[in-house]
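Below, each chain spelled out in residue letters.
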Amino acid sequence: MDIATTPTTPDGNPELADAAPTPHEPPVIRREDYAPYPWLVPTTHLDFKLGLEATTVTATLAVERNPAADPSPELRLNGDSLTAQSVTIDGAAADWRMDGPDLIVTLPGTAHTVEIVTQIDPSANTQLMGLYASNGMLCTQCEAEGFRRITFFPDRPDVLSVYTVRMEGDKVLFPILLCNGNRTAAGEGDNGTHWADWHDPWPKPSYLFALVAGDLVANSKPFFTTASGRVVECNVWVRAEDLARTDHAVESLHRSMKWDEEVFGREYDLDLYNIVAVSDFNMGAMENKGLNVFNTKYVLADPDTATDADFDAVEGVIAHEYFHNWSGNRVTCRDWFQLSLKEGFTVLRDQLFSQDMRGEAVKRIEDVRILRAAQFPEDGGPLAHPIRPDSYREISNFYTATVYNKGAEVIRMMRSMVGIERFRAGTDLYFDRHDGEAATCEDFVKAIEDGAGIDLAQFRLWYRQAGTPRVTVSQTVEGDSLTLTLKQTVPATPGQPDKLPMPVPLRVAVHSHSGALGAEQLIVLAEAEQSFTLPLAGPDPVVSINRGFTAPVVIERALQREDLVFLAAHDDDPFARSEALQELAVSHLVGTASGELSAQDQAAGEAAIIGAFRSSLADDRLDDAMRGELMVLPSETYLFEVMATGMRKADPGAIHAAREGLKAAIGTALAGELTALHARASAVTLDDPAGRGARKVKTIALGLIAAADPARAATLAAAQYDAADNMTDRQGALMVLCGLDHPARAEKLAAFYDRYKGNALVVDKWFTLQALSLHRDVIQHVRALADHPDFTMKNPNRVRSLHMAFAGNPKGFHAATGEGYRMVADVILALDPINPQTAARFVPALGRWRRIEPGRAALMKGELERIMAAGNLSRDTFEQVSRSLEG
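Sequence order as written defines residue numbering, which begins from 1 separately in each chain. Totals for whole chains, interfaces and linings use every residue, but because this is a predicted model, local features are given only for residues with pLDDT of at least 70 and side-chain atom pairs only at 80 or more, for both listing and counting. Side-chain measures here rest on the full set of heavy atoms in the structure, leaving out hydrogens and waters.

An account of the overall build of the chain is requested, with residue identities and associated values reported.
When you go through the chain residue by residue, the secondary structure sums to 29 helices and 32 strands. We take the radius of gyration over the C-alpha atoms and set the globule estimate at 2.2 Å times the residue count to the 0.38 power. For 887 residues, the compact-globule estimate of 2.2 N^0.38 gives 29 Å, and the C-alpha radius of gyration of the chain, at 28 Å, lies within 12% of that figure. Its C-alpha atoms put the chain at 85 × 60 × 60 Å along the principal axes. Taking contacts inside the chain between residues at least 6 apart in sequence as the whole, the part at least 24 apart equals 71%. The Shrake-Rupley method, run with a 1.4 Å probe sphere, supplies the accessible areas, and residue values consider only the shown protein chains as cover. On the chain, roughly 31,600 Å² of surface is accessible, and the fraction owed to carbon and sulfur atoms is 52%. Charge convention: Lys and Arg are scored as positive, Asp and Glu as negative, and His as well as the terminal groups of each chain are ignored. Every charge is mapped to an atom, namely NZ of Lys, CZ of Arg, CG of Asp or CD of Glu. Side-chain charges of the chain comprise 85 positive and 122 negative groups, with the mean position of each set lying 3 Å from the other. Numbered from the N terminus, helices here are DSSP runs of H or I no shorter than four residues, and strands are runs of E no shorter than two. The contact criterion used throughout is that any non-hydrogen atoms of two residues lie within 4.5 Å.

The following block contains the structure:
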């Protein structure tokens, strides 16, 4: 799954609610307590009588005692907000009882057939977990524990079953009936109904079950032929009005299927691959076997309504879910503590795919920027956890950047240490050993260890220890060699005060200011302190380290400005070149915000950064895509993390002022160059292969001009908006205008809304642009937008487009008055009863209070305490708030 969620406490059933644990004391689930389920479920047959307000589900389970588990006569079937209408065992009425939300039956023999009938109301399911209604259609989301909202079942990933399904519903309401696997039969029923039978031959856990029924049309062109000659019908199902925006999704799917065959040797294994776009969806997409359910955001794209970044996101998420067919479906996870087994590995696979599609250098820089913005703060806060957690109260809270993005980085390190070919040997062995099984992270590491021929005993610490390692660098030169001394520390995190050194692979090179570039080599820091001897390339050496971001660590070194300027201009590793400029800017901005730099040092740092920018603008060897990366300043979120180290607290106001000041200085000093770049980029046509990069630098240049000369920028932005023949340019212009006090702001916002008011995804952009703006009245704007007729708290995309965007706006969210904090807390309290998973994802923004200056810290903590005091919180939100206050 691109990202996923799970259900909350039972609702709407007094009998279940009375027996269930109170939401304020959710049980702690521990990895060490894992035990195999005592019963196997070789086959499951589901019969659905579909209706928007009443769907009847008859589940028939063949169960057998599990010889690998401790024997138990009890069959515990998980439920959530369900009432059984009937329960039979081997065709006879059964004695059964409820234990909280779960149904318990006692089975005397070793093999039985259990049938349970339930009825559910999809239209009342605002949590969007289980079976729910979305704009007149029915769809499901079962990861992690949503299947228990459909029928009583052992809803855990290590119970694998072969599913057959019959769906029957009104032919007018539900002309299309889709499920996992291959359709085996279809026909007409009574009273205007029709039915379809589906069979998935591959055993799967319940979280991979999927069903969709609705009025849909498909883009099916062309079919895909696998390497072995299997012809696969690939369909992207959408509403009729959206069909014209699905070609990119189909093409992305075909590229993904071909790439996985060529790079990982993985071929698709069914005759049918369906993708369905749904407008009400908690997260990004779900890899259900043969029937992926997607947020419309990651399916629909055309140049008029989607940016270049949107096109990339569609391709990346399509690939991610397809790659799960092997890394997640054919080999699934034993329990939810192993989530990174499928998600970390699949994120790496989709990153490698996107590198091959769009270029390695820029993609790597983008991935690291995301890691630092989302995962580094997680590792440094009260919600820090290893990529394989040891415990949880609500599993939906662990679909995190740590499990996904850091998990990918950990597997990438193994790949760097053994090389591409040996890594492939390890993954082949993993798939061969565990096909059709529910595996563990240890199983994966052992396969890489055996297949690649490497000892990973110490490396396993990356799975057990939370926190971002910090590597301190020093060097000495003697003769024709340089001694590099590295020291690593892993900071204390909640529940883990003391850490052991972990293997840290680092690609390094020693360059010379004379212009000679040293050869790259891989070193592995495996001890708390270690020295390495490296050859010199010439006089005045400068070290390029963690090239390509080989390891997810913080490098701490005291390089002179002239060394960083040299690396930013001359390093032959694109990531290292970008990183040098980032280091230059981070040092200057944190020093300025903290007051640690003298006026003279501030002026010198500013001049060095302007010089580096000027060099990047003038470097004809760069394409605009890479040039754009070199023009991006460190985010305020990352600066916050750097500033809040040791005893020093972050000051968001000072960080914002320093960054805006530097942007203004760059915009002033390079006004001519930036204006010329904007003009050159504006002349590139939409169909020019260089257009993507040109559109990127155009908007970045416009933002720097706006910081220095708002009136000039408003004129340029308005003209760019009017001339735009694509969403990238139109959105870029509007983004700059949103932060300005200028008549063009209101004019273009109104024009944008009027043009796209019938398109939900583009209206989401309209909300987001205003919520993220640098305008001084952004808080008032967001409050007004919350009352807009198009805003609703029941659609996750719309909630994220306004409120989650605002929570990521450092200027508005961190307003010194605390008004931004209060507004986000109000959203959490209002949203939690409707959609707990989405509500809980707002909490981490407030949870960083311990790392911030005292005034804002007290305000943030106060809002967390107000949320906790409100009572009746879901498991999701309760866990996040309590950990944020305790951590």
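Mind laying out the packing of helix α4 (residues 339–358) against helix α5 (residues 360–379), listing which residues take part and the relevant values?
Closest axis-to-axis distance for the α4/α5 pair is 7 Å, and the angle between their directions is 140°. In terms of orientation, α4 lies oblique with respect to α5. For the pair α4 and α5, the crossing hand works out as right-handed. Packed against α4, whose contacting residues are Gln351, Ser354, Gln355 and Arg358, the element α5 presents Glu360, Lys363, Arg364, Glu366 and Asp367 at the interface. Broken down by class, the residue content of the contact of α4 with α5 amounts to no nonpolar, three polar and six charged. Axis definition: a line fit to C-alpha positions, over the contact stretch in the case of helices; interaxial angles, taken between N-to-C directions, run 0 to 180 degrees. Here the word oblique covers every angle except those under 35 degrees (roughly parallel), over 145 (roughly antiparallel) and from 65 to 115 (roughly perpendicular). The hand of a helix crossing depends on one turn: near helix anticlockwise from the far one by less than a right angle means left-handed, and clockwise means right-handed. For this classification, the nonpolar set comprises Ala, Val, Leu, Ile, Met, Phe, Trp, Tyr, Cys and Pro, the charged set comprises Asp, Glu, Lys and Arg, and every other residue, Gly included, is treated as polar.

Would you mind going over the pattern of salt bridges in detail, with residue names and values included?
Salt bridges are defined by distance alone: a side-chain nitrogen of Lys or Arg within 4 Å of a carboxyl oxygen of Asp or Glu. A full pass over the atoms with the stated rule returns 70 salt bridges. For the salt bridge of Asp271 with Arg230, the shortest nitrogen-to-oxygen distance reads 2.7 Å. Of this pair, Asp271 sits in the loop between α2 (247–264) and β20 (272–278) while Arg230 is found in the loop between β18 (224–225) and β19 (231–238), placing the two residues 41 residues apart along the sequence. Classification of Asp271 by relative accessible area gives partly exposed; the value is 40%. A cluster of three or more residues bridged by salt bridges with shared partners is formed by Arg507, Glu520, Arg547, Asp571 and Asp572. Throughout this description, buried means an accessible area under 20% of the type-specific maximum (1.4 Å probe, protein chains only), exposed means over 50%, and partly exposed covers the range between.

Provide a residue-level description of the pairing of strand β2 (residues 39–49), including the pertinent values.
Judged from the nine bridges that link them, β2 and strand β3 (residues 55–65) form a sheet pairing that is antiparallel. Bridge assignment links Leu46 to a residue of β3, and that residue is Ala59. Linking two consecutive strands that pair antiparallel, namely β2 and β3, is a turn of five residues. Paired strands are those between which DSSP finds at least two bridges. Relative to strand β12 (residues 161–170), β2 is paired through seven bridges, and the arrangement is parallel. Pairing of Phe48 across the sheet is with Met167, part of β12.

Please set out the side chain of Thr246 residue by residue, giving values where relevant.
Counting through the fold element by element, Thr246 comes out in the loop between β19 and α2. Residue Thr246 is classed as buried on the basis of its relative accessible area of 0%. Within polar-contact distance, the side chain of Thr246 engages the side chain of Asn219 at 3.0 Å. Among all residues touching Thr246, those that are not within four sequence positions of it are Asn219, Val236, Val238, Val299 and Leu300. Nitrogen and oxygen atoms within 3.5 Å of one another constitute a polar contact, given that in protein one can donate a hydrogen and the other can accept it, and given that sequence-neighbouring residues count only through two side-chain atoms.

Provide a residue-level description of helix α7 (residues 420–434), including the pertinent values.
Take the residue count of a helix, subtract one, and multiply by 1.5 Å to get its expected span. In this model α7 runs 21 Å from its N-terminal to its C-terminal C-alpha over 15 residues, within 8% of the 21 Å that 1.5 Å per residue would give. Among all positions of α7, only Phe423, Gly426, Thr427, Tyr430, Phe431 and His434 are buried. All buried residues of α7 fall inside an arc of 135° around its axis, so they share one side. The outward face of α7, more than 90 degrees from its buried face, is lined by the exposed residues Glu421 and Asp432. Considering only its buried residues, α7 is in contact with α2, β23 (331–333), α4, α6 (401–418), β25 (437–439) and α8 (441–452). Gly436 occupies a position one or two residues after α7 and carries a positive phi of about 80°. Note that the arc is defined by the directions from the helix axis to the C-beta atoms.

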